[in-house]
Amino acid sequence: MKSWFRFCCIGVALLAGFGCGKKADEGGAGVGKPPAGQMRTQPGGQNVVLNGKTLKITVMDIGQGDSTLIETPSGKTVLIDAGLPGSQDKIEPILREHHVSKLDFIVDSHPHNDHIGGMGKLLEEVPFDTVYDSALVTNAPAQTRLLKAIKAGGGKFVRARKGMTVPIDNDVTMEILQPQDPLFQEGDKNYINNDSVIVRFVFGKTRLLFTGDMEEVERARLYESGADIRADFLKIAHHGSRNGTDAEFLGRVKPQIATISCATGNSFGHPHAEAIQALQATQIALYRTDLSGTIVINCDAEGHLQALPSQIAESNRVYQPGDDRQEQKRRRRKR
Ligand SMILES: [Zn+2]
């Protein structure tokens with residue numbers, strides 16, 4: 001019932017998008033130029049016309065965690081992360097809706113529960129081929145289950161490292177931009193987040209960047225590596241945390257569309273005000289799973305992207321940060 005509802009919402013959004021004669025850049029107000037950050041946000045991008053082969057990104061609304069499905073024009077599939085334990089129950093219906101019966105590639109961004117928590121169970125149930133993983137061992141229960149599932153499923157385990165290029169099919173390539181050896185280790189600040197597997201997909205002229213829960217130190221490594229990080233689509237790092245996104249990074253990536261995966265009222269206060277302000281100062285169309293639900297982004301190989309959120313977010317909430325209880329506590333302590 002739920003998935004049918006979602007399907008209907010996407011259908012309505014599609015119809016609304018194609019029924020509109022305006023160009024994406026014209027915005028919705030019709031009078032003057034919308035303030036920075038307001039243009040193309042909601043329901044932006046739906047009326048973009050795509051040419052030729054299309055690739056589909058599905059940023060799944062699985063609460064506080066990450067899970068994204070990529071479907072290439074030839075039907076190859078890549079799943080990046082699988083959210084918290086139990087998220088497989090939300091992911092599987094979406095895979096069925098999309099007629100995905102096998103996952104050709106899996107990317108585990110990093111071994112935290114909100115990224116690989118649902119992956120073990122999912123891979124016990126859905127056939128898969130090759131898993132890209134940092135191979136950072138934490139021995140957390142979710143990782144133990146995942147490694148068992150990979151072994152039992154007969155999947156290939158690949159240690160993902162900077163500089164690797166993975167052909168997904170004739171049209172799409174996955175570049176692994178981070179991590180690099182030596183990995184950050186226990187004792188290094190937030191080392192698990194900063195060993196995130198960062199991947200960029202190249203589809204003709206279109207580029208898609210996925211940043212896991214990368215924080216400042218991994219971002220510095222990314223810059224030092226000299227990697228090309230320009231991208232049309234950006235999965236905002238670390239659920240919109242202040243340590244994942246700043247103006248410099250957004251200026252280097254220059255995405256048209258960015259998404260934040262987070263749950264309403266999450267205990268981390270994601271997205272944080274600093275990241276939200278950096279995004280608001282740009283013309284990037286921002287979509288959040290807490291406001292828009294599951295977000296489908298279709299793109300062609302010429303840099304055109306069409307965003308189809310399953311719910312239309314209230315525009316005045318898009319740039320509202322989460323309720324940052326930690327920050328409130330800090331301020332109270334300082335007083
Ligand atoms: Zn996370």
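Whatever comes next refers back to the structure up there.
These figures come from a predicted structure and were not determined experimentally. (Residues numbered from 1 in each chain as written. Predicted model: local features only at pLDDT ≥ 70, side-chain atom pairs only at ≥ 80, totals over all residues. Heavy atoms only, no water.)

1. A look at the overall build of the protein chain
Scanning the protein chain for helices and strands turns up 11 helices and 15 strands. Counting over 335 residues, the protein chain shows a buried share of 56%. Considering only contacts in the protein chain between residues 6 or more positions apart, those separated by 24 or more positions represent 69%. Carbon and sulfur atoms provide 53% of the accessible area of the protein chain, an area that totals close to 14,600 Å². (Helix = DSSP H or I, 4+ residues; strand = E, 2+ residues; numbered from the N terminus. Buried < 20%, exposed > 50% of the residue type's maximum accessible area, 1.4 Å probe, protein only. Contact = heavy atoms within 4.5 Å. Areas by Shrake-Rupley, 256 points an atom, 1.4 Å probe, with all protein chains shown as cover.)

2. Points about helix 5 (residues 141–153)
Taking 1.5 Å as the rise per residue, helix 5 with 13 residues should run 18 Å; its terminal C-alpha atoms sit 18 Å apart, in good agreement. What helix 5 keeps buried is the set Ala142, Gln143, Leu146, Ala149 and Ile150. What you see down the axis of helix 5 is that its buried residues fit within an arc of 125°, all on one side. Along helix 5, exposed side chains directed more than 90 degrees from the buried face belong to Pro141, Lys148, Lys151 and Ala152. Its buried side turned inward, helix 5 meets strand 4 (103–108), helix 3 (113–116), helix 4 (119–125), strand 5 (128–133) and strand 6 (156–159). (Expected span 1.5 Å × (residues − 1). Arc of directions from axis to C-beta.)

3. Quick word on the layout of surface pockets
Quantified by volume, the second largest pocket comes out at close to 290 Å³. Contributing to the lining of the second largest pocket are 19 residues, with His238, Ser241, Asn243, Phe268 and His270 lying nearest its centre. Within the lining of the second largest pocket, the residues separate by chemical class into two nonpolar, 11 polar and six charged. (1 Å grid on protein atoms, 1.4 Å probe; cavity = no way out; pocket = protein on both sides within 12 Å on 5 of 7 lines; lining within 4 Å. Points joined across faces, edges and corners; volume = space filled by probe spheres on them. Nonpolar A, V, L, I, M, F, W, Y, C, P; charged D, E, K, R; others polar.)

4. Some words on the coordination of the zinc ion
Asp114 (OD), His115 (NE2), Asp213 (OD) and His239 (NE2) make up the full set of protein donors to the zinc ion, lying at 2.1 Å. One way to put it: the four donor atoms around the zinc ion meet at angles of 89 to 148°, and that makes the site irregular. The motif formed by the donor residues of the zinc ion, counted along the single chain, is D-H-x97-D-x25-H. For the pair formed by Asp114 and His115, the shared burial category is buried. (Donors = N, O, S within 2.8 Å, 3.2 Å for Na, K, Ca; no water. Tetrahedral: all angles 85-135°; square planar, octahedral: opposite > 155°, others 65-115°.)

5. Some points on the sheet that holds strand 15 (residues 305–309)
Pairing within the open sheet is mixed, and its eight strands lie in the order 6-5-4-3-2-1-14-15. Each edge of the open sheet is held by one strand with a lone partner, namely strand 6 and strand 15. Each neighbouring strand pair of the sheet contributes to a mean axis angle of 15°, computed without reference to strand direction. Bridge count between strand 4 and strand 5: five bridges; the pairing is parallel. Bridge pairing links Phe105 to Thr130 in strand 5. Sheet strands touched by helix 5: strand 4, strand 5 and strand 6. Its angle to strand 5, the strand with the most contacts, is close to 145°. (Pairing = 2+ DSSP bridges. Axes fitted to C-alpha atoms, helices over the stretch in contact; angles between N-to-C directions.)

6. Describing the nonpolar core
Residues Tyr132, Val199, Phe201, Phe210 and Phe233 are the most contacted members of the largest nonpolar core, which totals 31 residues. Filtering out sequence-adjacent residues up to four positions away, Tyr132 remains in contact with Phe105, Ile106, Val107, Asp108, Val158, Ala160, Met164, Val166, Met174 and Ile176. The next biggest cluster of nonpolar side chains, apart from the first, holds 26 residues, and it includes Met214, Ala231, Ile284 and Leu286. (Core = buried A, V, L, I, M, F, W, Y, C linked by side-chain atoms within 4.5 Å.)

7. What to know about the side chain of Ser241
Along the chain, the position of Ser241 falls in the loop between strand 11 (233–235) and helix 8 (247–253). At 2.8 Å, the side chain of Ser241 forms a polar contact with the side chain of Asn243. Sequence-distant contacts of Ser241, defined by excluding residues within four places in its chain, comprise His270, His272 and Ala275. (Polar contact = N/O pair within 3.5 Å; in protein donor to acceptor, adjacent residues only side chain to side chain.)

8. Some points on the pattern of salt bridges
Taken as a whole and judged by the stated rule, the model has 15 salt bridges. For Asp104, the salt bridge identified is with Lys102, shortest N-O distance 3.4 Å. Exposure remark for Asp104: the relative accessible area of 9% places this residue in the buried category. Classification of Lys102 as partly exposed rests on a relative accessible area of 33%. One salt bridge connects Arg161 with Asp181, and the closest N-O pair in it is separated by 2.9 Å. One end of the pair, Arg161, is in the loop between strand 6 and strand 7 (165–167); the other, Asp181, is in the loop between strand 8 (172–178) and helix 6 (191–194), with 20 residues separating them in the sequence. (Salt bridge = Lys/Arg side-chain N within 4 Å of Asp/Glu carboxyl O.)

9. Quick word on the packing of aromatic side chains
Within the structure shown, the criterion is met by two aromatic pairs. Ring centres of Phe201 and Phe210 lie 5.7 Å apart, and the angle between their planes is 90°; on these two criteria the pair is classed as edge-to-face. Pair check on accessibility: Phe201 and Phe210 agree, each one buried. Ring-pair connections join several aromatic residues into one group, and the members of that group are Phe201, Phe210 and Phe233. Directly above the aromatic system of Tyr223 lies the positively charged group of Arg252, at a separation of 3.6 Å from the ring centroid. (Phe/Tyr/Trp six-rings, centres within 6.5 Å; stacked < 30°, edge-to-face > 60°. Lys NZ or Arg CZ within 6 Å of the ring centre and 35° of its normal.)

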